[in-house]
Amino acid sequence: MSVVMDAERISRTLTRIAHEIVERNKGVEDLALVGIRTRGVHIARRLARTLREITGHDIPTGSLDITLYRDDLMRHAVGPQPLVRRTEIPFSIDDKKILLVDDVLYTGRTTRAALDALIDFGRPKAIQLIVLVDRGHRELPIKADYVGKNLPTALEASVQVRLQETDGQDEVLLQGGAE
Amino acid sequence: MSAQVTQVDETPAVTALRRKDLLGIADLSPQEISLILDTAEAMKEVGSRPIKKVPALRGKTVINLFYEASTRTRTSFEIAEKRLSADTLNIAVASSSVTKGETLADTAANLEAMNPDMIVLRHSSSGACHFLSRVCKSAIINAGDGMHEHPTQALLDAFTIRERKGQLAGLKVAIIGDLLHSRVLRSNIYLLTKMGANVWVCGPPTLIPTEVARFGVHPTSDVDAAVRDADVVMLLRIQLERMEGAYFPSLREYFNVFGMTEARLKGAKPDVMIMHPGPMNRGVEIASEVADGPYSVILDQVANGVAVRMAVLYLLAGGAEHEEAA
Amino acid sequence: MKRLLKGGRVVDPANRIDGIHDVLIDGDRIARVGRDLPVDGATVVEIPDGLIVCPGFIDMHVHLREPGQEHKETVATGTASAVAGGFTAVACMPNTTPVNDGANVTAYILARAAEANLARVYPIGAVSRGSKGELLADIADLKKAGCVAITDDGHPVSTALLLRRALEYAGMFGMVVIEHCEDQTLKGDGVAHEGFHASSLGLRGIPGAAEALHVERGALMSELTGSAFHVAHMSARSSLRSARKAKEAGIRLTCEVCPHHFTLTDALLGAPIPYDTNTKMNPPLREEADRDAMLAGIADGTVDAIATDHAPHHYDEKKVEFDRAPFGIVGLETAVSLSLDRLIHTGLIRLPRLVELLSVNPARILGVAGGSLSEGAPADVTIIAPDLEVRIDASRLRSKSKNTPFDGWELRGGVAATLVGGRTLFRNEGVRLNSL
């Protein structure tokens, strides 16, 4: 198992992404952050703090649980259901530019579910995707707008993002080696 | 970057209902009850969205098989099913035709032939759901069986109490009314005692089930003792058609002795919640001023019913994790 | 033709015999019982160690369902079940369709019994016409046609007055009135014993007091009339108390208990199979204290007889919701094993007492032949194997119906062979018994 990003690197990466967001959107007007549970939510909250430090504006931030939109929910004849957590989007997403945040982009299926879920909340002006790690192996035509680190991996490898909020420390681990 | 804000997800001790059916609260562990209630919180949020529908049960067929008229429970299940994108089918069987017509086993066999995933059953016979679960592969959800259990009602009651009071443990809950014939009572007793509440049950001695104290509750016919310092007062329906003259002299006398009035409620905690599973008989078990008063959460109960039933449907849709499959 | 049952332990309490004896059967009669009888041209049947030769068992409470409910049982299948269960005779209840309230129905049952030619059948007539509780049935006709007792079983006799009249009238013929003791107002639409388990399962209860009340009523009417009164399928501890009190007062009251009431309790309603309709019978399975009282009554002599209340029902009828299912279970083929396992092997009673309960007393109460191996008595013999390992298999019952809660039970003790009128009508394949 190797550490591919440490706390320092993660912090610098998120700061870089925050700057890219401001630059690309020419400010933060109409922006809102929505993190995908669980770690995407924490990354979204960190980005919101950084954006406030940079711009002085509060960016509305919500959390999205995509469990009920998963495409593998009913594919298993037997087996317990994944845990459903609360979705909290305490603002209207209509006509907002939504920054959708996840920790790892892999097959794209989570992102697909999140897009479907978001659309059920209203009609955003645009949705942009932010991921801390893109490990490749897409199964759907999905591409991130902001990528913390491109990490080519073997299919059987596993990428773990660990965050202070959930895991006690910040690091990205790769198990099973890079390509 | 500040990292002092350590937010730990409240993960319940169990993350799955490892069972095929929901036949009653009696079979559930406290952890399973918590899982259902926690999942219901997420489901309640779905109901507040502009588009109140998620694709979770897409392609699943749910049959609502109702042998007793029940607008409230059936509607609640149907909305829950639709919000989860299940295909739903309502079958109402008039109980009069049951004696002449097809047996429950045959009806179930015919429905099974159409390969539904779940059957929500309301039936006037206690144990009808247990019976059906033995003859059916589909998941069976008990929507009320005779005088036995009404598990989703108890779950929605618990959800409503937890929403207001934060937890169930340590609360004094007084359940007052026709205890003998009430499936809501039995499910609530099981649930509330499992979750650590202090449960008092109150009614005329003619309507108290035999050996009810063995369920770990305090039976009494002293309504003031039941209400004293209660956090929750739950009233059960008096079935007008079969009560008068048999179990107590008159409805008027029942109201005078047991009816929940504002005066009687003064003995309860200042933030007492008034609950009723419905349909209410105003002026019999509950005075209108209480039913419509500030302590009443009766309509919250109805609203929460949908979320709780969504949770149950969702959790059971995964099916039991069979020993051999695990 | 003569047969000599040689070297077995014979338990014949009516003749104060309990020991190694030979039993000589001549045709359909018992010729002699004694030690080391001469063979004298008889076919010798060696009785292996461990088997017990008893006077034929008599089940004084069965439902043969014929006429009218042949889908549940017939006289032929019911008597086949009886001999397989060690019973050489059964008394059958009158709640057939039509009710056995007249000589024609009695004659029909006896004709069917003669055709089947298995266990002896003693019909019991109705107290009232159609068992409706209004007018007395033609009791003299019933007696003449072959009925040995009267009852409105399924229900108690409707009123104290009618019960009084029935006792007075039947007393004239020396017939006992058998009563299904249960106050109908207290029963209401109850389906289970009123107690914790019924409360928990939401089943309407029948209190033990509903039974005891009618035991008391019967005792008082028996005292008033001087006629014999028999309590069918007693189940409640308060009933036992009433029966004991009546007997102490010299009242001509007798009582029977069913195997399920001395083995099972209402805990079975909820587990292992919740709402299993094979746990639904009337009187219902009662609580532990009642079950223990039945055992105590068996031990102390208050209980006179063990009867099965064999109540076959077609599986369709039982495959319904609990409160819609009919009351009753089959019992003929499980009674002896349950009795041996739960009464003898527990040390509660000894074999002579068991033979009293299963043979001597039923014969005496009904006033029928049997109950002893006396010289000249019918050669009705039950040979039991008290140490045989028995596994109850509902699917293999001879009865037409399989409604038993004892399926899969493993019990110690069973029936080795059943002889009726000298003929071997049942021989257990699991027991070595040559040339019987």
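Residues numbered from 1 in each chain as written. Chains lettered and ligands numbered in written order. Predicted model: local features only at pLDDT ≥ 70, side-chain atom pairs only at ≥ 80, totals over all residues. Heavy atoms only, no water.

Asks: Describe the overall build of chain A, naming the residues involved and giving the relevant values.
Replies: A count of helical and extended segments in chain A gives four helices and eight strands. Starting at the N terminus and walking to the C terminus, you meet the elements of chain A as β-α-β-α-β-β-α-β-β-β-α-β. A compact globule built from 179 residues should have a C-alpha radius of gyration of about 16 Å, and chain A, at 16 Å, falls within 12% of that. Dimensions along the principal axes, computed over C-alpha positions, put chain A at roughly 45 × 40 × 30 Å. Put simply, chain A has 179 residues, and 52% of those count as buried. Here the contacts in chain A between residues at least 6 apart in sequence split such that 70% fall between residues at least 24 apart. Counting only carbon and sulfur atoms, one obtains 45% of the accessible surface of chain A, whose full area is about 8,100 Å². Side chains of chain A give 26 positive and 27 negative charges; the mean places of these two sets differ by 0 Å. (Helix = DSSP H or I, 4+ residues; strand = E, 2+ residues; numbered from the N terminus. Rg over C-alpha atoms; globule rule 2.2 N^0.38 Å. Buried < 20%, exposed > 50% of the residue type's maximum accessible area, 1.4 Å probe, protein only. Contact = heavy atoms within 4.5 Å. Areas by Shrake-Rupley, 256 points an atom, 1.4 Å probe, with all protein chains shown as cover. Lys, Arg positive; Asp, Glu negative; His and termini not counted. Charge placed at Lys NZ, Arg CZ, Asp CG, Glu CD.)

Asks: So what's going on with the interface of chain B and chain C? Which residues, and what values?
Replies: With 26 residues of chain B in contact, the opposing surface of chain C contributes 20 residues. Across the chain B to chain C interface the summed buried area is about 1,900 Å²; carbon plus sulfur atoms make up 54%. Of all the secondary-structure elements, those providing two or more residues to the side of chain B that touches chain C are helix H3 (95-100), helix H4 (104-113), helix H5 (128-135) and helix H7 (183-194) of chain B. Looking at which element gives the most residues to the side of chain B that touches chain C, the answer is H5(B), with five residues. (Buried area = accessible area lost by both parts, 1.4 Å probe.)

Asks: Outline the nonpolar core, supporting the account with residue identities and numerical values.
Replies: Grouped together as the largest cluster of nonpolar side chains are 94 residues, with contacts concentrated most on A:Leu64 and B:Leu155. Tallying contributions element by element places helix H13 (residues 298-317) of chain B first for this core, with 11 residues. Aside from chain neighbours lying at most four places away, what touches B:Leu155 is B:Leu22, B:Ile25, B:Ile33, B:Ile36, B:Leu37, B:Leu191, B:Val308 and B:Val312. In this structure, C:Val11, C:Ile139, C:Met221 and C:Val231 belong to the second largest nonpolar core, which totals 70 residues. (Core = buried A, V, L, I, M, F, W, Y, C linked by side-chain atoms within 4.5 Å.)

Asks: Which residues make up unusual backbone geometry, and what values go with them?
Replies: Cis rather than trans, the peptide bond between C:Glu66 and C:Pro67 has omega equal to 5°. Mapped onto the elements of the fold, C:Pro67 is located in the loop between strand E6 (57-62) and helix H1 (75-84). The peptide bond linking C:Thr97 to C:Pro98 adopts the cis configuration, its omega dihedral lying at 0°. Looking at where C:Pro98 falls in the secondary structure, it is placed in the loop between strand E7 (87-92) and helix H2 (103-116). Positive phi, normally seen in glycine, also occurs at A:Asp95, with a value near 65°. Within the secondary structure, A:Asp95 sits in the loop between strand E3 (61-64) and strand E4 (97-105).

Asks: I'd like a rundown of the domain arrangement of chain C, residues and numbers included.
Replies: For an interface, size is often stated in terms of accessible area lost upon the parts coming together. Residues and elements named next belong to chain C. Along its sequence, chain C is carved into domain 1 (2-53 + 379-387 + 399-427) and domain 2 (57-366). Here the C-alpha centre of domain 2 lies 26 Å away from the C-alpha centre of domain 1. Taken residue by residue, the interface counts 34 residues in domain 1 and 46 residues in domain 2. Overall, the association of domain 1 and domain 2 removes approximately 3,100 Å² of surface from exposure, summing both partners, and the carbon and sulfur fraction of that is 65%. In terms of surface lost to domain 2, no three residues of domain 1 exceed Lys400, Asn403 and Phe406, which account for 20% of the buried area on that side. On inspection of domain 1 and its partner domain 2, the count reaches one salt bridge. Between Asp380 and Arg120 there is a salt bridge whose closest N-O contact spans 2.5 Å. In this structure, the connection of domain 1 to domain 2 is made through 19 residue pairs in polar contact (both at pLDDT 80 or more). (Domains from an automatic or database assignment. Salt bridge = Lys/Arg side-chain N within 4 Å of Asp/Glu carboxyl O. Polar contact = N/O pair within 3.5 Å; in protein donor to acceptor, adjacent residues only side chain to side chain.)

Asks: Tell me what's going on with the sheet that holds strand E5 (residues 172-176) of chain B, and back it up with residues and numbers.
Replies: Residues and elements named next belong to chain B. Strand order in the open sheet formed by five strands is E7-E6-E5-E8-E9, with parallel pairing between adjacent strands. In this open sheet, the two edge strands, each paired with only one partner strand, are strand E7 (218-220) and strand E9 (273-275). Here the average twist between neighbouring strands, direction ignored, is 20°. (Pairing = 2+ DSSP bridges. Axes fitted to C-alpha atoms, helices over the stretch in contact; angles between N-to-C directions.)

Asks: I'd like a rundown of the pattern of salt bridges, residues and numbers included.
Replies: Residues and elements named next belong to chain B. Summed over all chains, the structure comprises 56 salt bridges over all chains. Arg162 is the partner of Asp38 in a salt bridge, and the nearest nitrogen-oxygen pair spans 2.8 Å. Of this pair, Asp38 sits in helix H1 (residues 30-46) while Arg162 is found in helix H6 (residues 151-165), placing the two residues 124 residues apart along the sequence. Judged by its relative accessible area of 25%, Asp38 is partly exposed.

Asks: Could you give an account of the state of the cysteines, naming the residues involved and the relevant values?
Replies: Residue and element names in this part refer to chain B. Tallied over the entire structure, the rule returns zero disulfides over all chains. You can see Cys129 has no disulfide; the closest cysteine sulfur is in Cys136, sitting 10 Å from it. Given the relative accessible area of 0%, Cys129 is considered buried. (Disulfide = S-S within 2.5 Å.)

Asks: Would you mind going over the confidence of the model for chain C in detail, with residue names and values included?
Replies: Residue-level pLDDT values for chain C average 97, and 100% of them are 70 or greater. Our summary of model confidence lists the complex with pTM equal to 0.92 and ipTM equal to 0.91. (pLDDT = per-residue confidence, 0-100.)

Asks: Outline the side chain of C:Asn361, listing residues and values.
Replies: Tracing the chain through its elements places C:Asn361 in helix H13 (residues 351-366). By relative accessible area, C:Asn361 is classed as buried at 8%.

Asks: So what about the sheet that holds E7(C)? Which residues, and what values?
Replies: All names here are of chain C. Taken in spatial order, the three strands line up as E6-E7-E8 in an open sheet, and their pairing is parallel. The open sheet has two edge strands, E6 and strand E8 (120-123), and neither has a second partner. Sheet twist, expressed as the mean angle between neighbouring strand axes with direction ignored, is 20°. Of the pairings in the sheet, the one linking E7 to E8 comprises four bridges and is parallel in character. Bridging across to E8, Ala91 finds its partner in Tyr122. Across the sheet, H2 touches E7 and E8, and the angle it forms with E8 is around 175°.

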